[in-house]
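Structure at a glance
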Amino acid sequence: KKKKFYIANNLNMKKEYTLLQEKLNGAIYTIFTAFKDNLEIDYNSMEKYIDFLYSKNAKIFYVMPYNSRYSQLREKEIFELNDFCIKKVKSLEGTTIIVSDSIHGPTKLKEEYCLKAKMAGADIFSSICREKYFSNEQILKHYSDMNKCEVPILVHVMPFLSGYDVQNMNWPEEIFNELCNFENIIAVKEDTKNVNYSISLLKKYESRFRFIFAGRKEYFLKLINNGFKSYLNGTSIIDPTIDSIFLKLSKTNILEADNFVKKIDDPFWEGIVAKYGWHRVNKACLEKIGMMKRTERSPMVSLNDNDYKDVEIWVDKTLEELKKWQ
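Residues numbered from 1 in each chain as written. Predicted model: local features only at pLDDT ≥ 70, side-chain atom pairs only at ≥ 80, totals over all residues. Heavy atoms only, no water.

Overview of the pattern of salt bridges
Close approach of charged atoms lets side chains of opposite charge pair. All told, the structure shown has 32 salt bridges when counted by the stated rule. Salt-bridge contacts for K88 lead to D51; the nearest nitrogen and oxygen are separated by 2.8 Å. Within this pair, whereas K88 is found in helix α3 (residues 75-90), its partner D51 is found in helix α2 (residues 43-55), the two being separated by 37 residues in sequence. The buried category is assigned to K88, whose relative accessible area is 11%. A salt bridge links K141 to D145; the nearest nitrogen and oxygen atoms lie 2.6 Å apart. Taken as a pair, K141 and D145 lie in helix α5 (residues 136-147) at a separation of four residues, close to a single helical turn. Owing to a relative accessible area of 13%, D145 belongs among the buried residues under this scheme. (Salt bridge = Lys/Arg side-chain N within 4 Å of Asp/Glu carboxyl O. Helix = DSSP H or I, 4+ residues; strand = E, 2+ residues; numbered from the N terminus. Buried < 20%, exposed > 50% of the residue type's maximum accessible area, 1.4 Å probe, protein only.)

A word on unusual backbone geometry
In this structure, P299 follows S298 across a cis peptide bond, with omega equal to 15°. Backbone geometry places N57, a non-glycine residue, at a positive phi of 80°. Summarising the element assignment, N57 is placed in the loop between α2 and β2 (60-62). In this structure N57 comes out as exposed when scored by relative accessible area, which is 56%. One non-glycine residue with positive phi stands out, namely R69, at about 65°. For R69, the position within the fold is in the loop between β2 and α3. The class for R69 is buried, based on a relative accessible area of 2%.

What about helix α4 (residues 107-120)?
A rise of 1.5 Å per residue sets the reference length of α4, with its 14 residues, at 20 Å; its end C-alpha atoms lie 20 Å apart and thus fit the reference within 8%. Residues L109, K110, E111, Y113, C114 and A117 constitute the buried set of α4. Buried residues belonging to α4 abut α3, β3 (96-100), β4 (124-128), α5 and β5 (153-157). Two residues or fewer past α4, G121 is found with a positive phi of approximately 105°. (Expected span 1.5 Å × (residues − 1). Contact = heavy atoms within 4.5 Å.)

Observations concerning the layout of surface pockets
Volume-wise, the largest pocket comes out at about 400 Å³. Lining the largest pocket are 18 residues, and of these D191, K193, A214, W278 and H279 sit closest to its centre. By residue class, the composition of the lining of the largest pocket is eight nonpolar, six polar and four charged. (1 Å grid on protein atoms, 1.4 Å probe; cavity = no way out; pocket = protein on both sides within 12 Å on 5 of 7 lines; lining within 4 Å. Points joined across faces, edges and corners; volume = space filled by probe spheres on them. Nonpolar A, V, L, I, M, F, W, Y, C, P; charged D, E, K, R; others polar.)

Notes on the nonpolar core
Among the nonpolar cores identified, the biggest contains 94 residues, and W171, L179 and C285 are the most heavily contacted of them. When residues in this core are grouped by element, the largest group, nine residues, is from helix α10 (residues 254-276). When residues no more than four places from it in sequence are discounted, the contact partners of C285 are I237, I238, F268, I272, V311, W314 and V315. Within the second largest apolar cluster, 14 residues are counted, among which are L24, Y62, I98 and A187. (Core = buried A, V, L, I, M, F, W, Y, C linked by side-chain atoms within 4.5 Å.)

Focus: the packing of helix α11 (residues 278-288) against helix α12 (residues 305-323)
For the pair α11 and α12, interaxial distance at closest approach is 9 Å and the crossing angle is 65°. As for the relative orientation of α11 and α12, their crossing is right-handed in sense. Facing α11, whose interface residues are A284, C285, E287 and K288, α12 presents Y308, V311, E312, W314, V315 and D316. For the contact of α11 with α12, the class distribution of residues is six nonpolar, no polar and four charged. (Axes fitted to C-alpha atoms, helices over the stretch in contact; angles between N-to-C directions. Left-handed = near helix turned anticlockwise from the far one by under 90°.)

Structure below.
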């Protein structure tokens, strides 16, 4: 007998979880991991960047596996990084902090990251499952175990790598249906950048989970009328004012919002990101605005000096264009 989809609602959700979901509104800001020339973690630069974002009205911060360079860190360093970011962000009034587990590793290790973050005062813990996909039950077992940590959980959704034919595949919607029954799961970071798939998830589950979308603002505009509420910042890594303007226009003047996206956001994705890749570009942008070096640990690579000049040109042009909208 075919199982019916759960009719998602938050009527039975803990009151504090509902309030926490409501905070996940608008732009959510990545905390990037900085490295010194000797490749030690540069906590001073990270603190400076957090303070910069906060001074520009950023309130929700997310330490995440890829943007925050977990693949370049040892297990011990991930624990330390999470702890540092939790303490720093929670020292700032009115903030929310999300930290994560490692990209790969056994569920037991991920539980340890989660419980340590809980003790340190994290608001939400994000768990990613990047093991090869073999069955829905396999994935649900992981999140069932994470659910038992009794911490607000964010499910980090990225396309699976099939264990059968090594092809990328979207999450079967039946998984979301079952996740509805895990009372500590409150949010989903959706990273497929597939409009139809995203709209389908919003229609079925928006009242149960808070969805955080990753991608370009052109994509976000297509979700506005389908329950879209929050997203991971992109171009605004250089100035959160970009998000303030985008969010205001998306609620008051959608045509002008589209124009703003064409002037500010599209050149970023179609220019330097298309040419050099998001992960090399983001750290280069942060070097240009004086926040941290673009240094990476091998095998990750940073932009060379010649390619970096393209990033400098984009940043200067974008900040100049931004003045016209303020």
